[in-house]
Amino acid sequence: MSMIGIDVSKHWLDCHDLISGRSWRMEMGKVDGLQNGGLAVFEATGVYGKRFGLALDKAGIAYAAVDPRRVRRFAQACGQRAKTDRIDAEMIARYAHATGVQAARQSAGSAALRAHVARREQLKAMLQAEQGHREACLDEAINAAIDAHIHALQAMIDEAARAIGQALKTDSRAALLLSMPGIGPITAAGLLAYLPEIGALNRGQAAALAGLAPYARDSGNGIGRRTIQGGRPELRRILYMAALVAIRHNTRFKQRYQHLTSHGKPFKLAITAVMRQMLETLNAMLKANHAWNP
């Protein structure tokens, strides 16, 4: 498959086809020059990248969004110090080819679900901020206005939750996720929104995408401390909240957590282990099309 690197900006798309070596520029939002069976690869940066991804989705063009930090480090490792839009497009294509980037597994439905989940999180952040303002303010007139805003935000959060519930009804995977004790509609929606690949991954891939895979730090005879890093922070945050519920209400994960803590493992390590086990189990359930069975 041809790799087409694309540098996305507000008004322009700078493209580079790695096989033909052709570079060109087109207006933002247009995808006419990309419908040749190649994989469109661009950096996952900001709203312009998201809009471009939606345009590719609608056109049925395979694409992948890559980490801009990794692309830049790849360019530096190749000795490329110059940085222009055209050079960036070429380096994105070369990075995608060298690392074997795969097409994103995201449909229009998962993109819409992700938008609803993100909006609910934004509203909850605003609600928390307003509640803090309410406690700190001593002016009755201002407090009355804050109370009205809090009431409106709560209604909007409820509406976002209803929209998420309706979106889940169109995804057959949601029922399988909800069959696990400790997984509610909001958690299921977050998993499908931030990990649309779930059910098509192996154990290591799922853990790595969530940033739950421990990385070795060994050198010579020294064995370094294993740490987790990278991954998708939104997904990790959702799994953390789900794990807190699971260690209280799901016997399997409760026993796992208690076993680790009883052997002297700290809370953060134990809860991370539960998060990874939950994710691997959910991924296996979807892969086998099988509901939860303790």
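For the structure itself, consult the block above.
Read on for a plain summary of the structure. Just so it is clear, the model here is predicted, and its values are computed rather than measured. (Residues numbered from 1 in each chain as written. Predicted model: local features only at pLDDT ≥ 70, side-chain atom pairs only at ≥ 80, totals over all residues. Heavy atoms only, no water.)

This part is about the overall build of the protein. The number of helices and strands found in the protein is 11 helices and seven strands. Across its three principal directions, the C-alpha atoms of the protein cover 65 × 60 × 40 Å. Counting across all 294 residues of the protein, residues that qualify as buried make up 39%. If you take every contact in the protein between residues at least 6 apart in sequence, the share linking residues at least 24 apart comes to 57%. Counting only carbon and sulfur atoms, one obtains 52% of the accessible surface of the protein, whose full area is about 16,600 Å². (Helix = DSSP H or I, 4+ residues; strand = E, 2+ residues; numbered from the N terminus. Buried < 20%, exposed > 50% of the residue type's maximum accessible area, 1.4 Å probe, protein only. Contact = heavy atoms within 4.5 Å. Areas by Shrake-Rupley, 256 points an atom, 1.4 Å probe, with all protein chains shown as cover.)

Before going further, it helps to spend a moment on the sheet that holds strand β3 (residues 23–27). Spatially, β3-β2-β1-β4-β5 is the arrangement adopted by the five strands of the open sheet, whose pairing is mixed. Pairing within the sheet leaves two strands with one partner each, and these edge strands are β3 and β5 (63–66). Taking each pair of neighbouring strands and ignoring which way they run, the sheet shows an average axis angle of 25 degrees. Of the strand pairs in this sheet, strand β4 (residues 39–43) and β5 are connected by four bridges, and their pairing is parallel. Following the sheet pairing, A40 is matched in β5 by Y63. Each of β1 (3–8), β2 (12–17), β4 and β5 is contacted by helix α1 (residues 46–59), which is oriented at about 165 degrees to β4, the strand it contacts most. (Pairing = 2+ DSSP bridges. Axes fitted to C-alpha atoms, helices over the stretch in contact; angles between N-to-C directions.)

On to the packing of aromatic side chains, then. Counting across every chain of the model gives five aromatic pairs. Note on F42 and Y63: the rings are 5.8 Å apart at their centroids and 25 degrees apart in plane angle, and the pair reads as stacked. Of this pair, F42 sits in strand β4 while Y63 sits in strand β5, placing them 21 residues apart in sequence. For the pair formed by F42 and Y63, the shared burial category is buried. (Phe/Tyr/Trp six-rings, centres within 6.5 Å; stacked < 30°, edge-to-face > 60°.)

With that settled, consider helix α7 (residues 185–194). Of all 10 residues in α7, eight are buried, a share of seventy percent or more. Along α7, the positions that sit buried rather than exposed are T187, A188, A189, G190, L191, L192, A193 and Y194.

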